[in-house]
Each structure stands twice: as structure tokens, then as C-alpha cells.
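Inside the fold
Each chain, letter by letter, is given below.
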Amino acid sequence: MSVLPAILADVRHRLKEAQRAIPAVEVRRQAEESPDPVSFVAAVDRRGTSVIAEAKRASPSRGVLLDPYDPVELARAYKRGGARALSVLTERDHFAGSGADLQAVARETDLPVLRKDFLVDAYQCWEARAWGASAALLIVAVLEKGALADLHALLTELQVTPLVEVHTEAEAERALNAGVEVIGVNNRDLSTFRTDLSVTERVGAMLPEGVRVVSESGIASREDVLRVERVGASAVLVGEALVTAPDPVGCLAELTGTEETA
């Protein structure tokens, strides 16, 4: 049974709580007064393997992944290992994340940071900018056509790169029709949480040149990285393999095919 409806119900519940605690006008003011974000696109456009390294405490499929969990220490390790961007889970009920996690990481690093969450409302876009995010995830499967276009336009206006996630060719068509320039192809089925790298191969084959492709989920080895790079992936987003690695610095160096950096 899909856990997605439960996740979305909890996300909307938390959104209402946040709106009661901090009015939208205040979050918007914070967003407008926050410093310009570091360029997410420039980070993933660099030559060689671009890894977006993810910090997350838990997942619906595996439960707690790391305890104790310190997203700032993870971010520092990821940078030493050669990550070019970071991703921080902020969804609370199913991934045990928080906005405070993202804010802490953004304060302590000069790498661009992606807000990884289920964004369904403009309020969350303003939050992302106010918290220091350089990019934010938009999932085609959970957004109607109008909402996808509106949130994409708002994030772009806020100078926060929209990473638009798709799982199928039909979703990729919707993203392209919305003018999306950075597409995340999620190899994880949101209904079953199973991963299959052939999703990137299949969907990536239909994407036009000029669209940046980020392969998400199921990347655990250098061979996996090379497999998705061969079909045009500009970057890979890696979470569980890094979070659960005894040596995340070494794991990143292996994924990128480089030696560990000081």
C-alpha cells in the first residue's frame, strides 16, 4: 500500500501548524531579506561527477538510519569527500527532518543546499529561501498542473532552483511543458519504495539536450554512477548509501572516482 497519501496528509497538517505559528507575511519578509543563495546549477554543472549528498535521519522504508544524527557533521564530511551540493530532509513525520536541520547546514557550509520535502504551497517556498536553501524539490506526482507551474515560477523568482522530480515519461512530459530546466529522475517508486536504476535510463532517453538531469535514489556504487551518467545524468543524489556508510568521506570519494580530500 502506498504511503504517499499519508505523507501528504501529514505535510498539509504541519503546513497549517507552521502558518499559525508564523504568518505568511512574516515568512515572506524573511525570505526577501535573506542573502542570495549559492548557485545550485553552477555546482552540478562542473566537469566530472557531481554528487548531491543527502542528510536524513530516517525513511519510511527503513526507519531510523542514523542515531545519533548530526546534519552539520554529515555536511562537513560530505564536503571533505567531494560533494558539490547538499540535500537536507525537512519533512518531520516520516523522515524525522526539520527546517532547523536545513538552517544549521546552510549556516555552516558554502555548498548549495537543497530543501528535500513535499512542497505543496507557496509558504514552503518562502520558507526554503528564508532557511538558506539554494534549491527546493517539486514532485510532479503530488502537484496539479497549475500548482507545479506556480511553485516553479515562485521558486525561480526567489532565486531558489526548482529541482522537479519525475518518475515516468508522462511526468517528464509535464515537467518539460512547464519549462523545467533541472529534472530529477527518481529511481524509487513512491508507492512501493523499491528502486530501479532503469527508470533513469528510460526517462533520461526522452529528455532533450540542455535539460539537466539528476538521478535520485538507488545510487550505491561507482558503477551505478557511471550507469546513469552514460544516459546523460548531470548529477546524482545519494542519501541512504552515504548516511549509513561507516566512512561517508571514503564512500563519496569512491562514488566520484577521486581520492579523499583534506
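As shown above, the structure is provided for reference.
Residues numbered from 1 in each chain as written. Predicted model: local features only at pLDDT ≥ 70, side-chain atom pairs only at ≥ 80, totals over all residues. Heavy atoms only, no water.

1. Some thoughts on the overall build of the protein chain
Here is the rule: Helix and strand definitions follow DSSP, with helices as H or I runs of at least four residues and strands as E runs of at least two, each counted in order from the N terminus. Radius of gyration: over C-alpha atoms. The globule rule applied is 2.2 Å multiplied by the number of residues raised to the 0.38 power. Three labels apply to residues, based on accessible area from a 1.4 Å probe with only protein chains included: buried if under 20% of the type maximum, exposed if over 50%, partly exposed otherwise in between. A contact between two residues is defined here by any heavy atoms of the two lying within 4.5 Å. Accessible surface is estimated by sampling points in the Shrake-Rupley manner with a 1.4 Å probe; for residues, cover comes only from the protein chains shown. Only four residue types enter the tally: Lys and Arg on the positive side, Asp and Glu on the negative side, with His and both chain ends excluded. Throughout, a charge is located at the NZ atom of Lys, the CZ atom of Arg, the CG atom of Asp or the CD atom of Glu.
Within the protein chain one finds 12 helices and 10 strands. In terms of overall dimensions, the protein chain is globule-like: its C-alpha atoms have a radius of gyration of 17 Å, near the 18 Å expected for 262 residues. Dimensions of the protein chain, computed from the C-alpha atoms along their principal axes, are close to 45 × 40 × 40 Å. The 262 residues of the protein chain split such that 53% are buried. Sequence separation of 24 or more characterises 67% of the internal contacts of the protein chain that already satisfy a separation of 6 or more. About 11600 Å² of surface is accessible on the protein chain, with carbon and sulfur atoms providing 49% of the total. For the protein chain, the separation between the mean place of its 29 positive charges and that of its 40 negative charges on side chains is 1 Å.

2. Comments concerning the packing of helix 2 (residues 24-33) against helix 6 (residues 122-131)
Between two packed helices, both the angle of their axes relative to each other and the distance between the axes serve to describe the pair. Definition in use: Note on geometry: axes are C-alpha line fits, over the in-contact stretch for helices, and angles between N-to-C directions span 0 to 180 degrees. Note on convention: the crossing is left-handed when the near helix lies turned anticlockwise from the far helix by less than a right angle, right-handed when the turn is clockwise. Residues are grouped as follows: Ala, Val, Leu, Ile, Met, Phe, Trp, Tyr, Cys and Pro are nonpolar; Asp, Glu, Lys and Arg are charged; every other residue, Gly included, is polar.
At a minimum axis separation of 8 Å, helix 2 and helix 6 run at an interaxial angle of 40°. Relative to helix 6, the crossing made by helix 2 is left-handed. The residues of helix 6 that touch helix 2, namely those facing A24, V27, R28, Q30 and A31, are Y123, W126, E127, R129 and A130. In terms of residue class, the contact of helix 2 with helix 6 is made up of six nonpolar, one polar and three charged.

3. A word on helix 12 (residues 248-256)
In terms of residue burial, helix 12 counts as a mostly covered element, since eight of its nine residues are buried. Listed in full, the buried residues belonging to helix 12 are P248, V249, G250, C251, L252, A253, L255 and T256. Buried residues along helix 12 sit against strand 1 (50-55), helix 4 (71-81), helix 10 (222-229), strand 10 (235-238) and helix 11 (240-243). G257 occupies a position one or two residues after helix 12 and carries a positive phi of about 75°.

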